[in-house]
Amino acid sequence: MDELIIDVRQNEYTGRERSPHVPWSPEEIARDAAAARDAGASIAHFHARDPLTGAPSTDPAQYCEIARAIRASSDAVVLPTLGAGVSDDLDVRIGHVVRMGREPATRAELAPLDLASTNVSFWDARAGRFVTEDYVYRNPVAVLRALARGVEAAGARPMAVAWNVGSLRLLEPLIALGVLREPLYLELTLTGGGVLDGHPPTERGLEALLDFLPGGLDLEWGVLCFGASLLDLADAVLERGGHLALGLGDHPYEELGKPTNAEVVARAVERGRAHGREPASPQQVRERLGLAPA
Ligand code: ZN
């Protein structure tokens, strides 16, 4: 796809110490998604958060409220998290997507399946210590299968998230088993800052993944960069035909001052245009990926 898919990664579990504009409440997330959409994003990715403290929330009602609010002010593709980092309990991980699927106004359209189990450890280089030492993000095949089944039953489509070469080797078997479907949307995770568990956010880190992207699959691939700037790598991604998934959830983008997500998206649009790629509309994304109309 020539047009550039921009997935705005709105908030993850980011605090406001470095990033005062990271949205937490449903209204903030919806306003942020609409502004990012106006700036050129076509997909809105969000995590529910406590509106006052920013603590992670798994409350299905809150996810429904967010989706409803996003749809009231924008046509962005709705992409909630699938409980990353919050719980190993399957019902908790997918409960909100199931509930969202009960009504067209709250339905999720995509939901991320992380195709690897991995440490997620934050190394604080200045203090010389790991901030987290015991956290493992668990995604065995049986869990992927169950999550995919739940996502499909809720009227959404699993998107694939690759953390490493092993994730990419799983794509064909998972498509053969019907866990994933073509046309597939795939995001490649790079990790920077103090997160050392993924490929580094460099051309070599990206190339190492792309070398093992199976040929012959009907897919669109994008790149996200957890813990560092994706803008630094945007040209390398765009040159190779990839899409961009970025926002304040991954990195405060202090290089730009104290930006909003829309301002970060605007920079991604500039990079895309420099490569002759106009931002894709949400409708173009739905058509390309075969998603049900919103
Ligand atoms: Zn997320």
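Look a little higher up for the structure.
Since this is a predicted model, take the numbers as computed values, not measurements.

Caption draft 1: Looking closely at empty space enclosed by the protein. Summed over all chains, the structure comprises one cavity of 30 Å³ or more. Counting residues per element, the lining of the largest cavity draws most heavily on helix α3 (residues 90–100), which supplies three residues. Residue classes in the lining of the largest cavity are distributed as four nonpolar, five polar and one charged.

Caption draft 2: Molecular detail of the sheet that holds strand β3 (residues 77–80). Taken in spatial order, the eight strands make up an open sheet running β3-β2-β1-β12-β11-β10-β9-β4, and their pairing is parallel. Every interior strand has two partners, whereas the edge strands, β3 and β4 (110–114), have only one. Across this sheet, the average inter-strand angle for adjacent strands is 25°, counted without regard to direction. One ladder, built from three bridges, connects strand β1 (residues 6–9) with strand β12 (residues 243–246); its direction is parallel. Pairing of Val 8 across the sheet is with Leu 246, part of β12. Helix α6 (residues 203–210) contacts β10 (184–191) and β11 (219–226) of the sheet and is inclined by roughly 145° relative to β10.

Caption draft 3: How the structure looks around the side chain of Arg 49. Here Arg 49 lies in the loop between β2 (43–46) and α2 (60–73). A polar side-chain atom of Arg 49 sits 2.8 Å from the main-chain carbonyl oxygen of Glu 12. If sequence neighbours within four positions are ignored, Arg 49 has contacts with Asn 11, Glu 12, Tyr 13, Thr 14, Gly 15, Trp 24, Gly 54, Ala 55, Ser 57 and Gln 62.

Caption draft 4: Up close: the layout of surface pockets. Size it by volume and the largest pocket reaches roughly 1200 Å³. Taken together, 43 residues make up the lining of the largest pocket; nearest its centre are Phe 122, Val 195, Phe 226, Gly 227 and Gly 249. At the level of secondary structure, the elements contributing two or more residues to the lining of the largest pocket comprise β4, β6 (123–124), β9 (157–162), β10 and β11. Of the residues contributing to the lining of the largest pocket, the split by class is 19 nonpolar, 15 polar and nine charged. Contributing to the lining of the second largest pocket are Arg 16, Pro 20, His 21, Val 22, Pro 23, Glu 28, Arg 31, Asp 32, Ala 35, Thr 260, Asn 261 and Ala 262. Where the lining of the second largest pocket is concerned, the elements lending two or more residues are α1 (26–39) and α8 (261–274). The element contributing the most residues to the lining of the second largest pocket is α1, with four residues. Residue composition of the lining of the second largest pocket, by class: five nonpolar, three polar and four charged.

Caption draft 5: Seen up close, the coordination of the zinc ion. In this structure, Glu 12 (OE), Glu 12 (OE), His 45 (NE2) and His 47 (NE2) serve as the protein donors to the zinc ion, at separations of 2.0 to 2.5 Å. Its four donor atoms give the zinc ion angles of 53 to 141° at the centre, a pattern that matches the irregular case. In primary-sequence terms, the residues that donate to the zinc ion follow E-x32-H-x1-H. One end of the pair, Glu 12, is in the loop between β1 and α1; the other, His 45, is in strand β2, and 33 residues separate them in sequence. You'll find Glu 12 and His 45 in the same group, each marked buried.

Quick notes on the rules
Residues numbered from 1 in each chain as written. Predicted model: local features only at pLDDT ≥ 70, side-chain atom pairs only at ≥ 80, totals over all residues. Heavy atoms only, no water. 1 Å grid on protein atoms, 1.4 Å probe; cavity = no way out; pocket = protein on both sides within 12 Å on 5 of 7 lines; lining within 4 Å. Points joined across faces, edges and corners; volume = space filled by probe spheres on them. Helix = DSSP H or I, 4+ residues; strand = E, 2+ residues; numbered from the N terminus. Nonpolar A, V, L, I, M, F, W, Y, C, P; charged D, E, K, R; others polar. Pairing = 2+ DSSP bridges. Axes fitted to C-alpha atoms, helices over the stretch in contact; angles between N-to-C directions. Contact = heavy atoms within 4.5 Å. Polar contact = N/O pair within 3.5 Å; in protein donor to acceptor, adjacent residues only side chain to side chain. Donors = N, O, S within 2.8 Å, 3.2 Å for Na, K, Ca; no water. Tetrahedral: all angles 85-135°; square planar, octahedral: opposite > 155°, others 65-115°. Buried < 20%, exposed > 50% of the residue type's maximum accessible area, 1.4 Å probe, protein only.

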